[in-house]
Amino acid sequence: VLFEGDDDVLSVPGVVRTMCDPTAGTGGILSVAEEHLHKFNDRATLKLFGQELEDETYAICKADMLIRGQDPANIANGDTLEKDKHPNQTFDYQAANPPYGVEWKPAEDAVRKEHAKGAAGRFAPGLPAIRDGQMLFSLHMLSKMQPVVRGKGGGRIGVVHNGSPLFTGDAGGGESEIRRWILEHDYLDCIVAMPTDMFYNTPIATYLWFMSNRKPPERKGKVLLIDASGMSHLMKKNLGKKRREFSEDCIARIAQAYAGFKAVNWRDANSGRTLKAKGFDREHFFYRKITIER
């Protein structure tokens, strides 16, 4: 889905694009992205960048990039919220799986200073509750998108969230203001509801947010919602809390639903798997709070 719509550009021999993961971990998302791109164009170059807080996983990621022939200097060590280690750089693609429900207290001073900068800072639209910093990572990534110049360029983002960023925060609060800013700038492209039990360390429901500053004309002002919560199948053997996974058919159908950008209501009679999709005008997600005195 992250690369969808870019086939013409990405299939050109010798094409060079950049990708960053601000919560890189051991570099899994970056590695899989490069492998996926090389499946349909082995002469394409995807320059990988990342930043990781934990020393051990940072070292593994850096070593993996070295083995892959990437520049290990492009992987930085440090708290992304506290300090952007790739200043003045923007990227064609970004993807991340930021921590859920983790306090941003350690980076609070730096985050509030960025917020006080207004439009010149990464966190101008608003600040979420101190107990959960995952929406700050989305703001960081939006600030690092390749700009659109004379109709060319632009960036695309894929980020894994839990349910909290969908609804947390009252109208006028930090989370709500971040959502409002994203929608008003027409960055939100698609949200995919994932099945539970898909991750090694948590059984909770997760959602893939896809954002872009270069939507094609037919998608401008629109948001596609895809319910893929019924698309997985049970694994033969659990891996930690991971009990379910996608088959290649599941992945293909989700990608097709995104590319088709039309209503879908599909059910497989044999397996019972279901997939639903529907597009909405972005105004469907706007609301405000009114106090009525009587």
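Residues numbered from 1 in each chain as written. Predicted model: local features only at pLDDT ≥ 70, side-chain atom pairs only at ≥ 80, totals over all residues. Heavy atoms only, no water.

## Things to note about the overall build of the chain
Right, so step 1: Of the regular secondary structure elements, the chain holds eight helices and 14 strands.
Right, so step 2: Taking 294 residues into account, the globule formula puts the C-alpha radius of gyration at 19 Å, and the chain, at 19 Å, falls close to it.
Right, so step 3: When the backbone C-alpha atoms are referred to their principal axes, the chain occupies close to 60 × 50 × 45 Å.
Right, so step 4: Expressed as a percentage of its 294 residues, the buried residues of the chain come to 46%.
Right, so step 5: Considering only contacts in the chain between residues 6 or more positions apart, those separated by 24 or more positions represent 72%. (Helix = DSSP H or I, 4+ residues; strand = E, 2+ residues; numbered from the N terminus. Rg over C-alpha atoms; globule rule 2.2 N^0.38 Å. Buried < 20%, exposed > 50% of the residue type's maximum accessible area, 1.4 Å probe, protein only. Contact = heavy atoms within 4.5 Å.)

## What to know about the pairing of strand 1 (residues 16-21)
Right, so step 1: The pairing of strand 1 with strand 2 (residues 45-52) spans six bridges and is classified as parallel. Bridge assignment links Met19 to a residue of strand 2, and that residue is Leu48.
Right, so step 2: Handedness of the crossover joining strand 1 and strand 2 through helix 2 (residues 28-40) is recorded here as right-handed.
Right, so step 3: When strand 1 meets strand 4 (residues 93-96), the two strands line up parallel, connected through two bridges. Following the sheet pairing, Met19 is matched in strand 4 by Tyr93. (Pairing = 2+ DSSP bridges. Right-handed = clockwise from strand over helix to strand, strands pointing away.)

## Examining the packing of aromatic side chains
Right, so step 1: Scanning the entire structure with this criterion turns up five aromatic pairs.
Right, so step 2: Ring geometry for Phe49 and Phe91: centres 5.2 Å apart, planes at 50°, overall tilted. Highlighted residues: Phe49 in strand 2 and Phe91 in the loop between strand 3 (75-77) and strand 4, separated in sequence by 42 residues. Considered together, Phe49 and Phe91 belong to a single accessibility category, that of buried residues.
Right, so step 3: Arranged with centres 6.5 Å apart and planes meeting at 45°, the rings of Phe210 and Tyr258 form a pair that is tilted. Pair noted here: Phe210 is in strand 9 (residues 206-212) and Tyr258 is in helix 8 (residues 248-260), with a separation of 48 residues, a long-range link.
Right, so step 4: Taking the relative accessible area as the measure of exposure, Phe210 reaches 9% and is therefore buried. (Phe/Tyr/Trp six-rings, centres within 6.5 Å; stacked < 30°, edge-to-face > 60°.)

## Remarks on the side chain of Gln94
Right, so step 1: Tracing the backbone shows Gln94 in strand 4.
Right, so step 2: Assessed through its relative accessible area of 1%, Gln94 is described here as buried.
Right, so step 3: Apart from residues no more than four positions distant in its own chain, Gln94 is found in contact with Leu2, Met19, Cys20, Met141, Lys144, Met145, Arg156, Ile157 and Gly158.

## Some thoughts on the nonpolar core
Right, so step 1: Ranked by size, the top nonpolar core spans 25 residues in total, and within it Leu81, Val111, Leu136, Leu188 and Met211 carry the most contacts.
Right, so step 2: Elements with a minimum of two residues in this core: helix 5 (134-143), strand 7 (156-162), helix 7 (174-184), strand 8 (188-193) and strand 9.
Right, so step 3: Broken down by element, the residue count for this core peaks at six residues, all from helix 5.
Right, so step 4: Counting 19 residues, the second largest nonpolar core, distinct from the first, contains Val192, Cys250, Phe261 and Leu275. (Core = buried A, V, L, I, M, F, W, Y, C linked by side-chain atoms within 4.5 Å.)

## Digging into helix 7
Right, so step 1: Among the 11 residues that make up helix 7, eight are buried, leaving the element largely enclosed by the rest of the structure.
Right, so step 2: Positive phi appears at Asp186, one or two residues downstream of helix 7, with a value of about 60°.

## Section: the side chain of Asn162
Right, so step 1: Structurally, the position occupied by Asn162 is in strand 7.
Right, so step 2: The buried category is assigned to Asn162, whose relative accessible area is 13%.
Right, so step 3: Of the polar contacts made by the side chain of Asn162, one reaches the side chain of Gln134; its length is 2.8 Å.
Right, so step 4: Of the polar contacts made by the side chain of Asn162, one reaches the backbone nitrogen of Ser164; its length is 3.0 Å.
Right, so step 5: Excluding residues that lie within four positions of it along the chain, Asn162 makes contacts with Tyr100, Gln134, Ile204, Ala205, Thr206 and Tyr207. (Polar contact = N/O pair within 3.5 Å; in protein donor to acceptor, adjacent residues only side chain to side chain.)

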